[in-house]
Amino acid sequence: MVDETVISKAIIESYFERLKRCLNVDVIVVGAGPSGLTASYYLSESGFNVCLIEKRLSLGGGIWGGGMFFNKIVVQSQALPILDEFGIGYERYDEEHYVLDAIELAGSLIREVAKRVEVLNGVCVEDVVVRDGVEGVVVNWSATFMSGLHVDPLVLRSKVVVDATGHDAVVCRITAKKTKAFEVKGEGGMYADLAEKLVVEKTGEVYPNLYATGMAVASVYGLPRMGPIFGGMLLSGKKVAELIADKLRS
Ligand code: 48F
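What counts, and where the lines are drawn
Residues numbered from 1 in each chain as written. Predicted model: local features only at pLDDT ≥ 70, side-chain atom pairs only at ≥ 80, totals over all residues. Heavy atoms only, no water. Core = buried A, V, L, I, M, F, W, Y, C linked by side-chain atoms within 4.5 Å. Buried < 20%, exposed > 50% of the residue type's maximum accessible area, 1.4 Å probe, protein only. Contact = heavy atoms within 4.5 Å. UniProt positions renumbered as here; feature names shortened; annotations may be inferred. 1 Å grid on protein atoms, 1.4 Å probe; cavity = no way out; pocket = protein on both sides within 12 Å on 5 of 7 lines; lining within 4 Å. Helix = DSSP H or I, 4+ residues; strand = E, 2+ residues; numbered from the N terminus. Pairing = 2+ DSSP bridges. Salt bridge = Lys/Arg side-chain N within 4 Å of Asp/Glu carboxyl O.

Peer 1: Help me understand the nonpolar core in this model?
Peer 2: Generally speaking, soluble globular proteins have nonpolar side chains that are buried together. If you look at the biggest cluster of nonpolar residues, it comprises 79 residues, and the most contacted ones within it are Ile28, Leu52, Ile53, Val75, Val137, Leu156 and Cys172. Ignoring anything within four residues of it in the chain, the contact list for Ile28 reads Cys51, Ile53, Val137, Leu156, Arg157, Ser158, Val160, Val161 and Val162.

In structure tokens:
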């Protein structure tokens, strides 16, 4: 016979063990869109403890809606090895453009990440811990913000924080404001070809121990936007994981 209090106890105990494991990790990734999911996957595959924080209930960020709710997206040929690694199907449109299903991309990234990474969804990053560099994040339930209740947050510590919050570049904006050490320029207009190249090129450390990936990179450096082509997001997520792995191993 199932017992309601046992169900509650199992959930509470299991979740609190997860939360305790998230108190001190190698890497905190903020934002579970395509870049944050890809970064979390490759960091975990390299043997690092990763906590992925997402303010919404569902992971996937901007993947689900494809382009204007048409749930298909496009990637360029350089990103195909990443799709192959996740076993995601795609069709060749021409020699440079490949089209795939947004739902399959989101579902496959989420499935592989959820198996490897501690995910806290419904949790919002509202501040950073800054000493010599960024050393963690300040979090609260997303529902607390939505309700407007005055409840103090908690702190999760890490060696590195990744801003994968997309267009808003939330973690970089907060850090820029608190440290006055750099500026977040805000993204520019649409120019897909240039944006896809630059977003990968400029992916990296923005401030000591704070890295940016995906559209957060475009916002920090004032790069153009690219719309529903996602190769740059996947490649940026993989690149940031490689850069952080090099740093943490050195
Ligand atoms: O926006 P999002 O998908 O960012 P991305 O990985 O990819 C951008 C593309 O989706 C698309 C594009 C390029 O093709 O133009 O827009 O750079 O995912 C960002 C995630 O961060 C979450 C947000 O809910 C979303 O799922 N997020 C934002 N602010 C916070 C946050 C926060 N303060 N705390 C936790 N999560």
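Next comes the rest of the write-up.
Peer 1: Please clarify how the UniProt feature "binding site: Fe cation" (unreviewed entry) in the protein should be interpreted in this entry.
Peer 2: Annotation from UniProt places "binding site: Fe cation" (unreviewed entry) at Asp152 and His167. What stands out for the annotated residues spanning 16 residues is how far apart their C-alpha atoms range, the widest pair being 26.5 Å apart. Residues that both appear in the annotated list above and line the largest pocket are His167. Structurally, Asp152 can be placed in the loop between α5 (142-147) and β9 (154-163). Residue class for Asp152 comes out exposed when judged on its relative accessible area of 63%. Residue placement: His167 occurs in the loop between β9 and α6 (170-179).

Peer 1: Looking at this structure, I do not really get the sheet that holds strand β5 (residues 97-101). What am I missing?
Peer 2: Pairing between the strands of a sheet is mediated by backbone hydrogen bonds and can be parallel or antiparallel. Pairing within the open sheet is antiparallel, and its 3 strands lie in the order β3-β5-β4. If you trace the sheet from one side to the other, it starts and ends with β3 (72-76) and β4 (91-92), each paired once. Strand direction decides the pairing type here: β3 and β5, joined by 5 bridges, are antiparallel. Following the sheet pairing, Val75 is matched in β5 by Tyr98.

Peer 1: What should I look at first to understand the pattern of salt bridges in this one?
Peer 2: Counted under the stated rule, the structure contains 16 salt bridges. Across the salt bridge formed by Asp101 and Lys72, the nearest N and O atoms sit 4.0 Å from each other. With Asp101 in strand β5 and Lys72 in strand β3, this residue pair connects regions lying 29 residues apart in the sequence. Its relative accessible area of 24% is what places Asp101 among the partly exposed residues. Take Lys72: its relative accessible area is 44%, and that puts it in the partly exposed class. One salt bridge connects Asp127 with Lys178, and the closest N-O pair in it is separated by 2.8 Å. Here Lys178 lies in helix α6 and Asp127 lies in strand β7 (residues 123-130), a separation of 51 residues in the sequence. A residue is classified by how much of its surface remains accessible, and Asp127, at 19% relative accessible area, is buried. Residue Lys178 is classed as exposed on the basis of its relative accessible area, which comes to 51%. One continuous salt-bridge network, built from bridges that share partners, spans Glu45, Arg111, Glu112, Lys115 and Arg116.

Peer 1: Please clarify how the UniProt feature "binding site: glycine" (unreviewed entry) in the protein should be interpreted in this entry.
Peer 2: According to UniProt, the feature "binding site: glycine" (unreviewed entry) maps to Arg225 in the numbering used here. Mapped onto the secondary structure, Arg225 falls in the loop between α8 (215-221) and α9 (231-249). Sequence-distant contacts of Arg225, that is, excluding residues within four places in its chain, are made with His167, Glu187, Gly188, Gly189, Met190, Tyr191, Ala192, Ala195 and Met215.

Peer 1: How do you make sense of the side chain of Ser40 when you look at a structure like this?
Peer 2: Tracing the backbone through its elements, the reader meets Ser40 in helix α2 (residues 34-45). Ignoring any residue separated from it by four or fewer positions in sequence, one finds Ser40 in contact with Val29, Val50, Leu52, Val113 and Val117.

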